[in-house]
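The lines below spell out each chain.
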Amino acid sequence: MNDELVLIDDEVEDNQLEKWNVLVVDDDESVHALTNLALRNMSVDGRKLNILKAMSSLEAKETLSQRDDIALAIIDVVMETPEAGLDLINYIRNEMNNKIIRLVLRTGQPSQATEKHVIDLYDINDYKEKTELTVQKLYTLVRTSIKQYELIHTLQNKVEEVGGALSNQKLAMDEHAIVAMTNIEGDITYANERFSQISGYSNEELIGKNHRILRSGNHNKEFWVNVYKRISQGLVWKGEICNQKKNGELYWVDTTIVPFKDLDGTIKSYVAIRSDITKQKEAQDVLQEAKNIAENAVLEKSEFFASMSHEIRTPMNGVLGMLGLIKRSELNEVQRHQLSIAENSAKSLLTIINDILDFSKIEAGKIELENIEFNVRNEIGEIAESLALRAEESGI
């Protein structure tokens, strides 16, 4: 290491920030000393380095098992065994499943592990020979590796955050809705537990089967053609569907079908989100039946009123006719007056009969109002005279 030592990064240091952990794995004590000397004052994004030391792959495994915040490991190849470093890399990537730590292979014996061989077979981020790794190159290596780790760590946290949010949303949706996913042929590729509960089919029975197994026959071919036509154009379809359970029972679902597309815009699957509305449909049927019964009752009542009015009107017209004939005979003033009262009472009764018919017209929405002039004094007088006999009999 013969270049001028680079001491401080351009970033502003903040001693309060957590340090970056860098693990150096090498069985040569001088390598540790030189690495510490080169990096002792380095900082990245205001955070200094915490150099961790391991003299063998076993010590490295112990350190790695105790902490999950190591950003970079610089590993020698030949230590307790000729391929100890390579075995350690496999251990980190495959057994620990640590994909985020940056791994740099630093070897003093390139003949033991050539760069092409190592790059092809091992999941490392860089390969350096000890003779070429000057102070400046070490600084550059460490800084770029830590920045890569920081970016990957940030992205990983974002993915976990988004994944957690999606998981919560999925949980909420699964609790409320019936959810299924199909390929473009309509074969079911996913069904949640509520789907199994309402359909009566187990998840194993649903996956791989075409959605047609739920068809009830309640909808005609044109209905399904219109559904497919819309979703195949990438449009959302909403509507009510009657499905059939495994046991043959029917159930209704309020359905939304959403096409899912690839990045190139090609539809790859459909997601159907449903709510069970069987009880609502049953309630609607009950209400419709009650409405039909009420309408039939009104019709029967109107027919009864019409028939009754006709039967009463016929004899009343006969009474009025006879009263008219009597009025043409010779009568004294008192008789004529009394006859006039009887005639008016009969006409009033006929008016009441006509009013009964008007009730039927009101219910049918066919009532028409008439403006008829009348003499209030005469009307009241005739009513009083017609009631006088009853009043006298009652002692009023």
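Residues numbered from 1 in each chain as written. Predicted model: local features only at pLDDT ≥ 70, side-chain atom pairs only at ≥ 80, totals over all residues. Heavy atoms only, no water.

S.K.: Residue-level account of the overall build of the protein chain, with values.
M.R.: Counting its secondary structure elements, the protein chain contains 11 helices and 11 strands. Relative to its full complement of 396 residues, the protein chain shows a buried share of 32%. When the accessible area of the protein chain is evaluated, it comes to approximately 25,200 Å², of which 53% is carbon and sulfur surface. (Helix = DSSP H or I, 4+ residues; strand = E, 2+ residues; numbered from the N terminus. Buried < 20%, exposed > 50% of the residue type's maximum accessible area, 1.4 Å probe, protein only. Areas by Shrake-Rupley, 256 points an atom, 1.4 Å probe, with all protein chains shown as cover.)

S.K.: Could you give me a rundown of helix α3 (residues 84-95), with the residues and numbers involved?
M.R.: Turning to α3, its buried residues number three or more, namely A84, G85, L86, L88, I89, Y91, I92 and R93. Its buried side turned inward, α3 meets β1 (20-25), α2 (57-66), β4 (70-75), β5 (102-107) and α4 (115-121). Directly beyond the C-terminal end of α3, a positive phi value near 55° is found at N97. (Contact = heavy atoms within 4.5 Å.)

S.K.: Residues and numbers for the packing of aromatic side chains, please.
M.R.: One pass over the structure, following the stated rule, counts three aromatic pairs. Relative to Y149, the ring of W20 has its centre 6.5 Å away and its plane inclined at 90°; by these criteria the two rings are edge-to-face. Separated by 129 residues along the polypeptide, W20 in strand β1 and Y149 in helix α5 (residues 135-176) bring together distant segments of the chain. You can call Y149 buried: its relative accessible area is 6%. Members of the aromatic cluster, each reached through a chain of ring pairs, are F223, W224 and W237. (Phe/Tyr/Trp six-rings, centres within 6.5 Å; stacked < 30°, edge-to-face > 60°.)

S.K.: Go over helix α8 (residues 221-232) with me, naming the residues and quoting the values.
M.R.: For α8, with 12 residues, the first-to-last C-alpha span of 16 Å sits near the 16 Å given by 1.5 Å per residue. Turning to α8, its buried residues are W224, V227 and I231. Viewed end-on, α8 has its buried residues packed into an arc of 60°, placing them on one side of the element. Pointing more than 90 degrees away from the buried face of α8 are the exposed residues K221, E222 and K229. Against β9 (237-244), β10 (250-261) and β11 (267-276) lie the buried residues of α8. Two to three positions downstream of the cap, the backbone nitrogen of E222 sits 3.3 Å from a side-chain oxygen, assigning the N-cap of α8 to N220. Once α8 ends, the next one or two residues include G234, with phi positive near 85°. (Expected span 1.5 Å × (residues − 1). Arc of directions from axis to C-beta. Polar contact = N/O pair within 3.5 Å; in protein donor to acceptor, adjacent residues only side chain to side chain.)

S.K.: Explain the pattern of salt bridges residue by residue, including any values.
M.R.: Summed over all chains, the structure comprises 13 salt bridges. One salt bridge in this structure joins K130 and D26, with 2.8 Å as the shortest N-O distance. Of this pair, K130 sits in the loop between β6 (126-129) and α5 while D26 is found in the loop between β1 and α1 (29-39), placing the two residues 104 residues apart along the sequence. Judged by relative accessible area, which is 1%, D26 ranks as buried. (Salt bridge = Lys/Arg side-chain N within 4 Å of Asp/Glu carboxyl O.)

S.K.: Account for unusual backbone geometry, naming residues and giving values.
M.R.: Although it is not a glycine, D45 sits at a positive phi angle of roughly 55°. When you line up the elements, D45 lands in the loop between β2 (43-44) and β3 (47-54). Judged by relative accessible area, which is 24%, D45 ranks as partly exposed. Unusually for a residue other than glycine, N97 sits at a positive phi of about 55°. Examined against the element boundaries, N97 turns out to sit in the loop between α3 and β5. Residue classification places N97 among the exposed positions, given a relative accessible area of 52%.

S.K.: How would you explain a negative patch on the surface if you had to name every residue and give the values?
M.R.: Among the surface-exposed residues, D27, D28, E59, E62, E80, E83 and D87 lie close enough to one another that they form a single negatively charged patch. By the secondary structure assignment, D27 is in the loop between β1 and α1. Since its relative accessible area comes to 38%, D27 is described here as partly exposed. (Patch = residues over 30% accessible without salt bridge, like charges linked within 9 Å, V, L, I, M, F, W, Y side chains within 5 Å. Lys, Arg positive; Asp, Glu negative; His and termini not counted. Charge placed at Lys NZ, Arg CZ, Asp CG, Glu CD.)

S.K.: So what's going on with a nonpolar patch on the surface? Which residues, and what values?
M.R.: Nonpolar side chains collect at one region of the surface, where F374, V376 and I380 lie side by side and expose about 330 Å² of accessible area between them. Position of I380 relative to the elements: it lies in helix α11 (residues 376-393). Given the relative accessible area of 53%, I380 is considered exposed.

S.K.: If you had to explain the nonpolar core to someone new, which residues and values would you point to?
M.R.: Counting 25 residues, the largest nonpolar core has L23, V25, I75, L88, I92 and L105 as the members making the most contacts within it. Listing elements by their share of this core, those giving two or more residues are β1, β3, α2, β4, α3 and β5. No other element matches α3, which puts six residues into this core. If sequence neighbours within four positions are ignored, I75 has contacts with V25, G85, L88, I89, I92, L103, V104, L105 and R106. In this structure, V22, I100, V104 and L141 belong to the second largest nonpolar core, which totals 22 residues. (Core = buried A, V, L, I, M, F, W, Y, C linked by side-chain atoms within 4.5 Å.)

S.K.: Go over the confidence of the model for the protein chain, please, and point to the residues and values.
M.R.: Residue-level pLDDT values for the protein chain average 84, and 85% of them are 70 or greater. The low-confidence segment residues 1-16, where pLDDT is below 50, has 39 contacts with residues more than four positions distant or belonging to other chains. (pLDDT = per-residue confidence, 0-100.)

S.K.: Describe the pairing of strand β7 (residues 178-183), listing the residues and the values that go with them.
M.R.: Strand direction decides the pairing type here: β7 and β11, joined by six bridges, are antiparallel. Bridge pairing in β11 links T182 to Y270. Summarising the sheet, β7 and strand β8 (residues 188-191) pair through three bridges and their orientation is antiparallel. Within β8, the position partnered with M181 by the bridge is Y190. Following β7, the chain reverses through four residues before pairing antiparallel with β8; G186 in that reversal takes a positive phi of roughly 95°. (Pairing = 2+ DSSP bridges.)

S.K.: Which residues make up the layout of surface pockets, and what are the values?
M.R.: Considering only enclosed or pocket space, the largest pocket measures out at about 460 Å³ in volume. Lining the largest pocket are 22 residues, and of these G186, H211, R215, W224 and I231 lie nearest its centre. Residue assignment for the lining of the largest pocket shows that the elements contributing at least two residues are β7, α8, β9, β10 and β11. (1 Å grid on protein atoms, 1.4 Å probe; cavity = no way out; pocket = protein on both sides within 12 Å on 5 of 7 lines; lining within 4 Å. Points joined across faces, edges and corners; volume = space filled by probe spheres on them.)

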